[in-house]
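Each chain, written out:
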Amino acid sequence: KNEVEQSPQNLTAQEGEFITINCSYSVGISALHWLQQHPGGGIVSLFMLSSGKKKHGRLIATINIQEKHSSLHITASHPRDSAVYICAVIRGSQGNLIFGKGTKLSVKP
Amino acid sequence: DAGVIQSPRHEVTEMGQEVTLRCKPISGHDYLFWYRQTMMRGLELLIYFNNNVPIDDSGMPEDRFSAKMPNASFSTLKIQPSEPRDSAVYFCASSPRTSAFTDTQYFGPGTGLTVL
């Protein structure tokens, strides 16, 4: 079993829909990252979370440390949000970085 | 700033050849990371440096892989000899903070490596 599981693996949405991508992990962590990988391959760091919630524009990330779960929400989705979204956890206090396999999001106009 | 710069953007080589990937981090960043991405395994951390010193190389797959950071503005990842299973996209990233993973990382565009 992977230490970091993302769901769904693939997601197709219509423009304007509210989107949720989930990340569950089985190890103790100090923080969690959400990354966005564009169709051209470039990777952008979206959020780093250790507790609670963070918001940036239409993106909201939440984490529940007790339940070992994080969600990434996109409000009013747009075709330019089409990308692969990757969850990565930092194991332990200075441990290594473990990546999920990613969720491929396609937003149709 | 131009961001993290990687070269070459694409490399095609034959099995057994030496491959050198290059990275220039963002000026002033303390941390530099090398990642590999494949369809099968996704993203994997290979090695990271703090102030030019390798901190954790436990992700380096084999002795055929080596990485150096001779100064704050340049790092290399070398594969010798290369094998077809090394085919992947290799990303370099840098981060400004004093803690390795608890800050935003800035990724380069990646180097797509194909070993025939």
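Structure: see above.
The rules behind the values
Residues numbered from 1 in each chain as written. Chains lettered and ligands numbered in written order. Predicted model: local features only at pLDDT ≥ 70, side-chain atom pairs only at ≥ 80, totals over all residues. Heavy atoms only, no water. 1 Å grid on protein atoms, 1.4 Å probe; cavity = no way out; pocket = protein on both sides within 12 Å on 5 of 7 lines; lining within 4 Å. Points joined across faces, edges and corners; volume = space filled by probe spheres on them. Helix = DSSP H or I, 4+ residues; strand = E, 2+ residues; numbered from the N terminus. Nonpolar A, V, L, I, M, F, W, Y, C, P; charged D, E, K, R; others polar. Core = buried A, V, L, I, M, F, W, Y, C linked by side-chain atoms within 4.5 Å. Buried < 20%, exposed > 50% of the residue type's maximum accessible area, 1.4 Å probe, protein only. Disulfide = S-S within 2.5 Å. Contact = heavy atoms within 4.5 Å. Buried area = accessible area lost by both parts, 1.4 Å probe. Salt bridge = Lys/Arg side-chain N within 4 Å of Asp/Glu carboxyl O. Polar contact = N/O pair within 3.5 Å; in protein donor to acceptor, adjacent residues only side chain to side chain.

Draft legend 1. Summary view of empty space enclosed by the protein. Here the structure, examined in full by the defined rule, presents one cavity of 30 Å³ or more. The computed volume of the largest cavity comes to approximately 40 Å³. As for the largest cavity, its lining consists of A:H33, A:L35, A:S45, A:A88, A:L97, A:F99, B:Y35, B:Q105 and B:F107. When residues of the lining of the largest cavity are traced back to their parent elements, those giving at least two are β4 (29–37) and β10 (97–99) of chain A. Looking at side-chain class alone, the lining of the largest cavity contains six nonpolar, three polar and no charged residues.

Draft legend 2. Fine view of the nonpolar core. Of all hydrophobic cores here, the largest spans 24 residues; its most connected members are A:L32, A:W34 and A:V89. Breaking this core down by element, the ones donating at least two residues are β3 (19–25), β4, β5 (43–49), β7 (59–64), β8 (69–74), β9 (83–91) and β11 (103–108) of chain A.

Draft legend 3. Main features of the state of the cysteines. Using the criterion set out here, one finds two disulfides over all chains in the structure. There is a disulfide in this structure between A:C23 and A:C87, and the S-S distance comes to 1.9 Å. Residues A:C23 and A:C87 share a disulfide whose torsion about the S-S bond is about -55°; that sign makes it left-handed. One end of the pair, A:C23, is in strand β3; the other, A:C87, is in strand β9, with 64 residues separating them in the sequence. Between the sulfur atoms of B:C23 and its disulfide partner B:C92 the distance amounts to 1.9 Å. One disulfide, between B:C23 and B:C92, carries an S-S torsion of -65° and so falls in the left-handed class. Taken together, the positions of B:C23 in strand β3 (residues 19–24) and B:C92 in strand β9 (residues 88–95) put the pair 69 residues apart, joining distant regions of the chain. Take B:C23 and B:C92: they sit in the same class, and that class is buried.

Draft legend 4. View of the interface of chain B and chain A. Listed as interface residues are 19 residues of chain B and, on the opposing side, 16 residues of chain A. It is B:L43, B:F101 and B:F107 that lose the most area in chain B upon contact with chain A, and together they represent 39% of the buried surface on that side. Our enumeration of links across chain B and chain A arrives at zero salt bridges. Here chain B is connected to chain A by one residue pair in polar contact (both at pLDDT 80 or more). At the level of elements, β4 (31–38) and β5 (42–50) of chain B are the ones that each hand at least two residues to the side of chain B that touches chain A. Among the elements that make up the side of chain B that touches chain A, the one with the highest residue count is β5(B) (five residues).

Coordinates in, geometry out; function isn't part of it.
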